[in-house]
Amino acid sequence: MTWEQLIGAGVLAAMLRLATPIALAALGGVIAERSGVVNIALEGCMLVGAFFGVVAADRTHSVVVALVVAMAAGVVLAGVHAVAAIHLRSDQIVSGMALNILALGLTSFLDYQFYGSTGTPADLAAVPDVEIAPLAAVPFIGDVIGHQNAIVWLTVVLVVLIQVFLFRTVPGLRLRAVGEHPRAAETVGIAVRRTRYWAVLASGLLAALGGAYLSLSVAHSFTDGMTGGRGFIGLAAMIFGRWTPIGALVASLVFGYGTALSFSLQGASIGDVRVPVQLLSTLPYVLTILAVAGFVGRSRAPAADGIPYETEGH
Amino acid sequence: MPIVSVLFALAVGAIFILASGHDPISAYIDLFRGAFGTPYDITETLIQTIPLILAGLSVAVAFRTGLFNIGAESQLLVGAVAAGAVGARFGFLPGPILFPMVLVAGIGAGAAWAAIAGYLKAARGVNEVITTIMQNYIVVFVIHWLLQNGPMTAPNALGTPASAPIGDGAVLPIIIPNELVPLTRLHAGIFLAILAVVVFWFVLWRTPLGYELRAVGLGPRAAAQAGIDPRSRTVIAMAIAGGFAGLAGMIQVTGVFHRVFDGFSAGYGFDAIAVALLGKNSPIGVVLAALLFGAFARGGSIMQANAGVSAQLVSVIEAIVLFVIAAELIVRIIARRRGPKPLEAIA
């Protein structure tokens, strides 16, 4: 085991790449849950984003169209969840699980019908990397951030914007009020349901962007179930980051680093003992359970999280 | 109502088949033939049904106690790993000693693993949905480690990381003679599954514990008023749920695969959520729903081979079934909005 394997530029660059889809899902989770709706369909939103992004990239050869289609797919899936959770007041976990299964089944089904067993086309339009020319030559730093994908940078921007939105603007305050005490929010004239709709749709959009990042920036293809639970890790990052965008980003980086290590330490040993790299991948989940249980800090959900809101007089 | 939701889902599925340029009628006929066309197909369907029944019972017993067990998948895997480890490590022992050991290992490991989620809920107020989702992923990676470069890694010819085979004494016998149904793999695990259904019914409806669990499920506050501690019952309910799922994993090891390998479960623990909801958390309902999804699983692969319609159609149908059930709950909740007990719809 060497320092290079632990904190080399390659590991840190991989950390950023791996953290990005998690952070996008986590951002979606933050917005939805701050408004009081649990959206475990983020995994499914990522998956439809990944798939329909590839389909659009294949048909139109335009990255912009592909990303728009991907995010629209996520918004549609999240919209179904929103109607179920907000309007119909159904169990948000059941609805979310149903949508995850639907997304997995639907994308795998369509993948087979569209592309058979040969896989998606090899010449897909891809989201470009951003070459930061002055930095690229700088040792270490250039290797870490000199040529990251455009969506990596977009994610950083989104984290800051959403942090400011939630905690420094009036609409953000309203959104949080709806998630903490919808009755009080309504009393002062905030449209509880409309706010929640917007929040859930936004969460689907962000998660789908994370999915499109996986298929159009990283893999340049779609494979069945390719999100591999990143939507759920995003939820974990949201919880571990205490339902704030910046916290979620930090958690995503921790989780991304764990995964980056599990790649770079492949086959490494300490003395005679092979490093059990696979166990590093359990880090996000173990940390999340500990955080929610209050063993590592205390992570508290918004007070009205997951509780359907009924207007007075119904 | 459950039949209506299944028919509706099949109808939507037919639209999908049509849209993909195939004939839905012939696809569904292939699906049905694949599941029930020959005695061999029927036994293959039953092999799929067994773990679905047990994982379905796991989710159902949690639902009955007002808990959402999304972790049946990992509880099944933990049970399988424990059974596989004990079955291989003590493989030299004779069946009458080895089999009970493997059985206890599978059930016990699943129960202990699930009880963690119950404990965290009872003692620290952690939502069991979060814990069980996280546990699902933890187990996947721990199994990667165990089988790839951990203590259970064994040389094998499967081409995928796998454990050493279990001893002959732990293997469940094939219950249908080869002359009757050639090549059948149907094993004695089906009797264990039926026994588990009876135990599920008996414990929940014929014992004080079952009464208490259901009382907690219908209303933890009322139950507490009646002197039932919801917290201890939460731990017990999760342990029972994990026991059922662990048994499912143990049966897959001893009845079907005789070892543990990467990608061991075909997502039975997730399908189990649909099984339990479609089966209304009742013993007969779970069996029938498991049979339906078992038939889908078996028939789907045949349909893909014959009709060229992706077997993933089955997941689409399953998701729609789930969604219609959710909608049905909504209708009932709205219908009795002025009445009490909306919780019963879930529990």
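The shown structure was predicted, so the numbers you read here are calculated from the model rather than taken from an experiment.

Engineer: Can you walk me through the overall build of chain A in this structure?
Structural biologist: Of regular secondary structure, chain A possesses 15 helices and four strands. A globule of 314 residues ought to have a C-alpha radius of gyration of about 20 Å, and chain A, at 20 Å, matches this closely. For the C-alpha atoms alone, the extent of chain A along its principal axes is close to 65 × 45 × 40 Å. Counting only residues that meet the buried cut, chain A has 54% of its 314 residues in that class. Across chain A, contacts joining residues at least 24 apart in sequence account for 76% of those joining residues at least 6 apart.

Engineer: Sorry if this is basic, but what is going on with the overall build of chain B here?
Structural biologist: If you tally the helices and strands in chain B, you get 14 helices and zero strands. Beginning at the N terminus, the succession of helices and strands in chain B can be written as α-α-α-α-α-α-α-α-α-α-α-α-α-α. A globule of 347 residues ought to have a C-alpha radius of gyration of about 20 Å, and chain B, at 20 Å, matches this closely. Projected onto the principal axes, the alpha-carbon positions of chain B cover approximately 60 × 50 × 35 Å. Counting the 347 residues in chain B, one finds 58% classified as buried. The long-range fraction of contacts in chain B, counting pairs at least 24 apart against all pairs at least 6 apart in sequence, stands at 77%.

Engineer: What am I meant to see in the interface of chain A and chain B here?
Structural biologist: Each partner contributes residues to the interface: chain A has 36 residues there, and chain B has 35 residues. Secondary structure elements with two or more residues in the side of chain A that touches chain B: α5 (92-115), α12 (230-240), α14 (277-280) and α15 (283-292) of chain A. Top contributing element to the side of chain A that touches chain B by residue count: α5(A), with 14 residues. For the side of chain A that touches chain B, a count of residues per class yields 22 nonpolar, 11 polar and three charged.

Engineer: It is not clear to me how the environment of A:Leu173 should be interpreted in this structure. Could you clarify?
Structural biologist: Residue and element names in this part refer to chain A. Positionally, Leu-173 belongs in helix α9 (residues 170-180). A tally of 15 C-beta atoms within 10 Å means that Leu-173 is categorised as partly exposed. Put simply, Leu-173 and Arg-34 are 139 residues apart on the chain and 9.9 Å apart in space, counted from C-alpha to C-alpha.

Engineer: Is there a simple way to think about helix α4 (residues 72-89) of chain B in this case?
Structural biologist: Since there are 3.6 residues in each turn of an α-helix, residues three or four apart along the chain are aligned in direction. For α4(B), spanning 18 residues, the distance from its first C-alpha to its last is 25 Å, which sits close to the expected 26 Å at 1.5 Å a residue. Most of α4(B) is tucked away, with 17 of its 18 residues classed as buried.

Engineer: Sorry, what's going on with the nonpolar core here?
Structural biologist: The nonpolar side chains of soluble globular proteins are, as a tendency, buried together. Core analysis: the largest hydrophobic core is formed by 234 residues, its most contacted members being A:Ala70, A:Ala208, A:Ala237, B:Leu54 and B:Leu322. What B:Leu322 contacts, discounting residues up to four positions off in sequence, is A:Val94, A:Met97, A:Ala98, A:Ile101, B:Ala274 and B:Leu277.

Engineer: Help me understand the packing of helix α3 (residues 39-64) of chain B against helix α7 (residues 189-206) of chain B in this model?
Structural biologist: Packed helices, taken two at a time, are described by the angle between their axes plus the distance between the axes. Residue and element names in this part refer to chain B. In the contact formed by α3 and α7, the axes pass within 9 Å of each other and the chain directions differ by 15°. If you check the angle between α3 and α7, you find them roughly parallel. For the element pair α3 and α7, the recorded crossing hand is left-handed. Contacts from Leu-46, Ile-50, Ile-53, Leu-54, Leu-57, Val-61 and Arg-64 in α3 reach Gly-189, Ile-190, Ala-193, Ala-196, Val-197, Phe-200 and Leu-204 in α7. A class-by-class count of the residues in the contact of α3 with α7 yields 12 nonpolar, one polar and one charged.

Engineer: How do you make sense of the environment of B:Gly227 when you look at a structure like this?
Structural biologist: On the secondary structure map, B:Gly227 appears in the loop between α9 (220-225) and α10 (230-257). Along the sequence, B:Gly227 and B:Glu212 sit 15 residues apart, while their C-alpha atoms lie 9.6 Å from each other.

Engineer: Is there a simple way to think about the packing of α7(B) against α10(B) in this case?
Structural biologist: Residue and element names in this part refer to chain B. Closest axis-to-axis distance for the α7/α10 pair is 10 Å, and the angle between their directions is 170°. By the angle between their axes, α7 is roughly antiparallel relative to α10. Facing Gly-189, Leu-192 and Ala-196 of α7, the residues of α10 in contact are Phe-244, Leu-247, Ile-251 and Gly-255. Broken down by class, the residue content of the contact of α7 with α10 amounts to five nonpolar, two polar and no charged.

Engineer: Before we go on, may I ask you to explain unusual backbone geometry in this structure?
Structural biologist: Glycine aside, residues mostly have negative phi, and peptide bonds are mostly found in the trans state. All names here are of chain A. Phi at Arg-242 takes a positive value of approximately 55°, unusual for a residue other than glycine. By secondary structure assignment, the location of Arg-242 is in the loop between α12 and α13 (245-264). Taking the C-beta count within 10 Å as the criterion, Arg-242 has 18 such neighbours and is therefore assigned partly exposed. At Trp-243, a residue that is not glycine, the phi angle is positive and equals roughly 60°. Mapped onto the elements of the fold, Trp-243 is located in the loop between α12 and α13.

Scoring rules and cut-offs
- Residues numbered from 1 in each chain as written.
- Chains lettered and ligands numbered in written order.
- Predicted model: local features only at pLDDT ≥ 70, side-chain atom pairs only at ≥ 80, totals over all residues.
- Helix = DSSP H or I, 4+ residues; strand = E, 2+ residues; numbered from the N terminus.
- Rg over C-alpha atoms; globule rule 2.2 N^0.38 Å.
- Buried ≥ 20, exposed ≤ 12 C-beta atoms within 10 Å, placed from the backbone.
- Contact = placed C-beta atoms within 7 Å.
- Nonpolar A, V, L, I, M, F, W, Y, C, P; charged D, E, K, R; others polar.
- Expected span 1.5 Å × (residues − 1).
- Core = buried A, V, L, I, M, F, W, Y, C linked by C-beta atoms within 7 Å.
- Axes fitted to C-alpha atoms, helices over the stretch in contact; angles between N-to-C directions.
- Parallel < 35°, antiparallel > 145°, perpendicular 65-115°, else oblique.
- Left-handed = near helix turned anticlockwise from the far one by under 90°.

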